[in-house]
Structures are given as structure tokens and as C-alpha cells.
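# Coordinate inspection notes
Each chain, letter by letter, is given below.
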Amino acid sequence: QVQLVESGGGLGQAGGSLRLSCAASGSIFSINDMGWYRQAPGEQRELVATITGGEHTNYADSVKGRFTISRDNAKNTVYLQMNSLKPEDTAVYYCNAQITTTARAIVPFWGQGTQVTVSS
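Residues numbered from 1 in each chain as written. Predicted model: local features only at pLDDT ≥ 70, side-chain atom pairs only at ≥ 80, totals over all residues. Heavy atoms only, no water.

## As for unusual backbone geometry
- If you check the backbone angles, serine 84 has positive phi at about 50° while not being a glycine.
- Relative to the helices and strands, serine 84 resides in the loop between strand 8 (77–82) and strand 9 (91–101). (Helix = DSSP H or I, 4+ residues; strand = E, 2+ residues; numbered from the N terminus.)

## Remarks on the side chain of arginine 66
- Topologically, arginine 66 is positioned in the loop between strand 6 (57–59) and strand 7 (67–72).
- Note on arginine 66: relative accessible area 10%, which makes it buried.
- Among the polar contacts listed, one links the side chain of arginine 66 to the backbone oxygen of serine 84, at a separation of 2.9 Å.
- Excluding residues that lie within four positions of it along the chain, arginine 66 makes contacts with Gln81, Met82, Asn83, Ser84, Leu85, Lys86 and Asp89. (Buried < 20%, exposed > 50% of the residue type's maximum accessible area, 1.4 Å probe, protein only. Polar contact = N/O pair within 3.5 Å; in protein donor to acceptor, adjacent residues only side chain to side chain. Contact = heavy atoms within 4.5 Å.)

## So, the state of the cysteines
- Using the criterion set out here, one finds one disulfide in the structure.
- Linked covalently through their sulfurs, cysteine 22 and cysteine 95 form a disulfide whose S-S length is 1.9 Å. One end of the pair, cysteine 22, is in strand 3 (residues 18–26); the other, cysteine 95, is in strand 9, with 73 residues separating them in the sequence.
- Overall, cysteine 95 belongs to the buried group, its relative accessible area being 1%. (Disulfide = S-S within 2.5 Å.)

## Quick look at the packing of aromatic side chains
- By the definition in use, this model includes one aromatic pair.
- In this arrangement the basic side chain of arginine 19 is found over the ring face of tyrosine 79, its NZ or CZ atom lying 4.1 Å from the centre.
- One residue, arginine 104, lies across the ring of phenylalanine 29, its end atom 3.6 Å from the ring centre. (Phe/Tyr/Trp six-rings, centres within 6.5 Å; stacked < 30°, edge-to-face > 60°. Lys NZ or Arg CZ within 6 Å of the ring centre and 35° of its normal.)

Below is the structure:
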């Protein structure tokens, strides 16, 4: 069993910053790609940022230059530093991880989601 637990969401102000964390635990052999996605009300879930095991990063155009994804492999944790927040960043943020389990199965796991609300 593998769990992804997110933290750090909440209310932010336009122009401000928030930092999200997502820690993976359980029957983990290794963690491959990790990422953050978000879903606003009435919208489809969209990619925000991803980071590979080799720490290559990819960002949605809407967050480039404002958000930074990073990971701490020793802690099985991925972070999303969000700066220069905009009201349109308001959404539920989900972390995702491609995990090789101790049974050597490669499975995508999702966190439960954390609400980020940005006031203008």
C-alpha cells in the first residue's frame, strides 16, 4: 500500500506565496516521475509541473517563472513553491507519483488533493 499525503494549501493573497508538500509512504521500492496537477471548479484536471527522477522539470505555460517544483528523494517528498499568486491559481491541487512498489509494479498514485484559494 502506498499513500501520498499533501499539505500546505490554504488561502493566499494575489502576489503572495504558498508552498505545497506531498510525502509518499508505504511499500515503495523507488519513485520515478512526480508532479502536481490542479482542478478548478467546472474545469478538467490540468498539469501544473512535473519533475523526473533525474530532476528534469516541466511547467505549464501559465505557471512558468512563478512556480518551482522540487523533490527530496531521501524524504520521498515533492514540493511546489508558488510565488506571485494569481486568483486564477485557485484550484484543488493534486500530487502524482509514478512509483515502483516493493512488488516491482509500476503504478501511478494520487494524493487526496489540497485546496488553494487566492484572493484578489
